[in-house]
Amino acid sequence: MKAIYFPFTYLPESIYQMVHAICTKPVLLQASRRQMPSRLKDLEKEKNLDIIAPTESDQALDFLLNDYHQWAQIHQGELSDFTKSPPPQLPFFNETSSAQIRSDIRQSMKGERNKPAGPETPDTFLLARAFLVMAQAHDEHQYDLTKDLGRFQQMEKKLFAEMKGDDTAYNALFTESIPISIDSVTDHMPEERLNAWIRLFAHTVSSEKTTLQLEDGFFFVTNSAAVMDHIREKTFEIETALHVTGISVTATEGTAYHSFCKDFKDKIRWLETSPKATDGSTIAYPSTPNTEHGNRLTVYRIIEKSPKTVLETLAGTALPKLKTLPPFQHTLIGVFENRESAAQ
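This structure is a prediction, so every number in the text was calculated from the model and none was measured.

Parameters and conventions
- Residues numbered from 1 in each chain as written.
- Predicted model: local features only at pLDDT ≥ 70, side-chain atom pairs only at ≥ 80, totals over all residues.
- Heavy atoms only, no water.
- Core = buried A, V, L, I, M, F, W, Y, C linked by side-chain atoms within 4.5 Å.
- Buried < 20%, exposed > 50% of the residue type's maximum accessible area, 1.4 Å probe, protein only.
- Helix = DSSP H or I, 4+ residues; strand = E, 2+ residues; numbered from the N terminus.
- Contact = heavy atoms within 4.5 Å.
- Salt bridge = Lys/Arg side-chain N within 4 Å of Asp/Glu carboxyl O.
- Phe/Tyr/Trp six-rings, centres within 6.5 Å; stacked < 30°, edge-to-face > 60°.
- Lys NZ or Arg CZ within 6 Å of the ring centre and 35° of its normal.
- Polar contact = N/O pair within 3.5 Å; in protein donor to acceptor, adjacent residues only side chain to side chain.
- 1 Å grid on protein atoms, 1.4 Å probe; cavity = no way out; pocket = protein on both sides within 12 Å on 5 of 7 lines; lining within 4 Å.
- Points joined across faces, edges and corners; volume = space filled by probe spheres on them.
- Nonpolar A, V, L, I, M, F, W, Y, C, P; charged D, E, K, R; others polar.
- Disulfide = S-S within 2.5 Å.

*Asks:* Explanation requested: the nonpolar core in the structure shown.
*Replies:* Formed by 86 residues in total, the largest nonpolar core has its most connected members in Phe 201, Phe 219, Ile 231, Ile 247, Phe 260, Phe 264 and Phe 336. At ten residues, helix H5 (residues 124–164) tops the list of elements feeding residues into this core. If we skip the residues at most four places from it in the chain, Phe 264 touches Ile 22, Thr 24, Phe 219, Leu 242, Val 244, Ile 283 and Leu 297.

Take a look at the structure:
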């Protein structure tokens, strides 16, 4: 059973752990293996993560990204921050902006006129790769900042507990995991991320060199409420199919856990093909002592729409390369919530 994380290429540790906790192997799309964070490479070597990435050369991608950074410097940082890029003028997300950037560079930089020109109108696949590389760098930076802030807040709590002489609270804080709010990171530009991710996914899964096997079952997972809201706006008929509550990233062994895994996988396979309506049932995660249980997964089912149809609708265009996906009757999307966001 595979869980395809979308529409992001940066997989935070907290989400990686939650995907494994529900007995599935995460699948992560990468725009470029050379641009991939070292932590992800280590997970892939340990066979704990399936990574799919284009097999094409990175030369055109490097040229495009280099042009962007030079253009941003010429314009004194204009659009150099991914978070400040207004969607209609998203850098390298359409051919017009790409051509304008190249034109500005050639006119403004001395000594660059004899530089070998790259493609003047990069294809959609290349533009999607460039966008996702920039998005990944932004996401990694934002997650690091959020994690550092969580650590600071935890240290602050420890200090106050120590000052009050509350030994019980002080000791508990030393073993407490840090809840990381994910919404501020993953809610940025959901439509643009989906468009780029879907085009790259379609190109990559159709490659003859891909090793990704999805016939045994798969579903999409995200930790972005904004992404799910955008999908709902596409007038799909969507039902809440399943809740998994009390997910713990430490309770991944024992008889109860293995029984949960079997029940969960059987339920996902049934949801992929069954014509019957679901009742939004709940599967409780095996309880373990001394573990906080606030993480949850809600699985939505897009009725009578195959994964290929759903992705083409979201992309707004036909994507023949997606014909390699298993033709499941319904599409399943799981949305993770961590302790902090679930409590809000």
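*Asks:* Hey, could you run me through the pattern of salt bridges in this one?
*Replies:* Oppositely charged side chains are able to pair whenever their charged atoms sit close together. Overall, the coordinates contain 14 salt bridges when judged by the stated rule. Where Arg 301 meets Glu 239, a salt bridge forms, and the shortest distance between an N and an O atom there is 2.7 Å. Linking Arg 301 in strand S7 (residues 295–302) with Glu 239 in strand S5 (residues 238–247), this pair joins segments that are 62 residues apart in sequence. With respect to burial, Arg 301 and Glu 239 carry one shared label: buried. A salt bridge links Asp 266 to Arg 269; its shortest N-O distance comes to 3.9 Å. Of this pair, Asp 266 and Arg 269 both sit in helix H10 (residues 255–273), three residues apart, which is roughly one turn of that helix. Of the residues examined, Asp 266 reaches a relative accessible area of 37% and is grouped as partly exposed. A residue is classified by how much of its surface remains accessible, and Arg 269, at 34% relative accessible area, is partly exposed. When salt bridges with common partners are traced through the structure, they connect Arg 34, Asp 58, Asp 62 and Arg 129 into a single cluster.

*Asks:* Quick question: what am I supposed to make of the environment of Thr 317 here?
*Replies:* Checked against the element boundaries, Thr 317 lands in the loop between helix H11 (307–315) and strand S8 (331–337). Sequence separation between Thr 317 and Arg 199 is 118 residues; the distance between their C-alpha atoms is 9.8 Å. Discounting chain neighbours no more than four positions away, the residues touching Thr 317 are Arg 199 and Glu 312.

*Asks:* Looking at this model, I keep getting lost on the packing of aromatic side chains. Mind explaining?
*Replies:* Here a ring pair, both rings aromatic, is described through the centre-centre distance and the interplanar angle of the planes. Inspection of the entire model under this criterion finds 13 aromatic pairs. Look at Trp 197 and Phe 201: their rings are 4.8 Å apart centre to centre, the planes differ by 10°, and that puts the pair in the stacked class. Taken together, the positions of Trp 197 and Phe 201, both in helix H8 (residues 190–205) and four residues apart, correspond to about one turn of that helix. For Trp 197, a relative accessible area of 0% corresponds to the buried category. Linked through ring pairs, Phe 6, Trp 197, Phe 201, Phe 218, Phe 220 and Phe 328 together constitute an aromatic cluster. Lying over the aromatic face of Tyr 300, Arg 232 brings its terminal NZ or CZ to 4.9 Å of the ring centre.

*Asks:* When you look at the side chain of Thr 9 in this model, what are you seeing that I'm missing?
*Replies:* Turning to its location among the elements, Thr 9 is positioned in the loop between strand S1 (2–5) and helix H1 (13–21). Look at Thr 9 and you get buried, because its relative accessible area is 3%. Reaching out from Thr 9, the side chain makes a polar contact with the side chain of Gln 136 at a distance of 3.1 Å. For Thr 9, the contacting residues outside a window of four places in its chain are Leu 28, Leu 29, Gln 30, Leu 40, Leu 132 and Gln 136.

*Asks:* Looking at this structure, how should I read empty space enclosed by the protein?
*Replies:* Think of a ball as big as a water molecule: rolled over the atoms, this probe shows where empty space is left. Taken as a whole and assessed by the stated rule, the structure comprises one cavity of 30 Å³ or more. Considering only enclosed or pocket space, the largest cavity measures out at about 30 Å³ in volume. Lining the largest cavity are Phe 218, Phe 219, Phe 220, Glu 272, Pro 307, Phe 328, His 330, Thr 331 and Leu 332. Among the elements of the structure, strand S4 (218–222) and S8 are those that each provide at least two residues to the lining of the largest cavity. Ranked by residues supplied to the lining of the largest cavity, first place goes to S4 with three residues. Split into classes, the residues belonging to the lining of the largest cavity amount to six nonpolar, two polar and one charged.

*Asks:* Would you mind showing me how to read the side chain of Thr 24 here?
*Replies:* Relative to the helices and strands, Thr 24 is located in the loop between H1 and strand S2 (25–29). At 2.9 Å, the side chain of Thr 24 and the backbone oxygen of Val 19 are in polar contact. Contact partners of Thr 24, with chain neighbours within four places excluded, come to Met 1, Ala 3, Val 19, Phe 219 and Phe 264.

*Asks:* Is there a simple way to explain the state of the cysteines in this structure?
*Replies:* Working definition of a disulfide: a covalent bond connecting the sulfur atoms of two cysteines. Applying the stated criterion to the full structure yields one disulfide. Two residues share a disulfide in this structure: Cys 23 and Cys 261, whose sulfurs sit 2.0 Å from each other. Between Cys 23 and Cys 261 the disulfide shows an S-S torsion of about -80°. By sign, it is left-handed. Note that Cys 23 is positioned in the loop between H1 and S2 and Cys 261 in helix H10, a separation of 238 residues in sequence.

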